[in-house]
Structures are given as structure tokens and as C-alpha cells.
Amino acid sequence: MVKCLYCGKEVPDDSAHCPHCGAVSHFQRKGYRAGARRRFLFWFILLVLFSFFMAFWLPR
Ligand SMILES: [Zn+2]
């Protein structure tokens, strides 16, 4: 259980919205942050693969 940021009442960890005031819960904010990190990791891996490709493809 976590405390709602808006009304201060207890909200289940896995519920997307506060059952008391209907505000977006901590769970959804956490999920959003994890999604952003995953997107960052995707671009980071793409960049690493690209630099590996360039390192082998370009004449030394
Ligand atoms: Zn609330």
C-alpha cells in the first residue's frame, strides 16, 4: 500500500488510479519511468551497434 499524493489515503500498489479521488497512482508513474528507461536503453544499444558497425566497416 502507498499513500495517494493528492488525497493522502491508502492506495493499493498495483492499482492504476486512486480509488478515493481517482488520481493517477504511484504505480502508473513508476511504470512510466520504467518505460522511459527501456526506451533510452533501446536507443543506447542501437547507438552501440551502430558504432561497432562503423568501426568494422570503415577502413582503418
Ligand atoms: Zn487519492
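Relevant structure appears above.
Residues numbered from 1 in each chain as written. Predicted model: local features only at pLDDT ≥ 70, side-chain atom pairs only at ≥ 80, totals over all residues. Heavy atoms only, no water.

Undergrad: Got a minute to help me understand the coordination of the zinc ion in this structure?
TA: As a benchmark, a tetrahedral metal site with four donors has ideal angles of 109.5 degrees, while an octahedral site with six donors has ideal angles of 90 or 180 degrees. For the zinc ion, the full set of protein donor atoms is C4 (SG), C7 (SG), C18 (SG) and C21 (SG), at a range of 2.2 to 2.3 Å. On the primary sequence, the residues serving as donors to the zinc ion are separated as C-x2-C-x10-C-x2-C. Of this pair, C4 sits in the loop between β1 (2-3) and β2 (10-11) while C21 sits in the loop between β2 and α1 (26-57), and the two are 17 residues apart along the sequence. A relative accessible area of 6% means that C4 is categorised as buried. Since its relative accessible area comes to 41%, C21 is described here as partly exposed. (Donors = N, O, S within 2.8 Å, 3.2 Å for Na, K, Ca; no water. Helix = DSSP H or I, 4+ residues; strand = E, 2+ residues; numbered from the N terminus. Buried < 20%, exposed > 50% of the residue type's maximum accessible area, 1.4 Å probe, protein only.)

Undergrad: Just checking my understanding: could you explain the packing of aromatic side chains for this structure?
TA: Considering all chains together, one arrives at four aromatic pairs under this definition. Residues F40 and F44 carry aromatic rings whose centres are separated by 6.3 Å and whose planes lie at 20° to one another, so their mutual orientation is stacked. Residue F40 and its partner F44 are both found in helix α1; the two are separated by four residues, about one turn of the helix. F40 gets classed as exposed once you look at its relative accessible area, which sits at 56%. A relative accessible area of 45% places F44 in the partly exposed class. Ring plane angle 10° and centroid distance 6.0 Å describe the contact between F53 and W57, whose orientation is recorded as stacked. Residue F53 and its partner W57 are both found in helix α1; the two are separated by four residues, about one turn of the helix. On the basis of relative accessible area, W57 is assigned to the exposed category, the value being 58%. (Phe/Tyr/Trp six-rings, centres within 6.5 Å; stacked < 30°, edge-to-face > 60°.)

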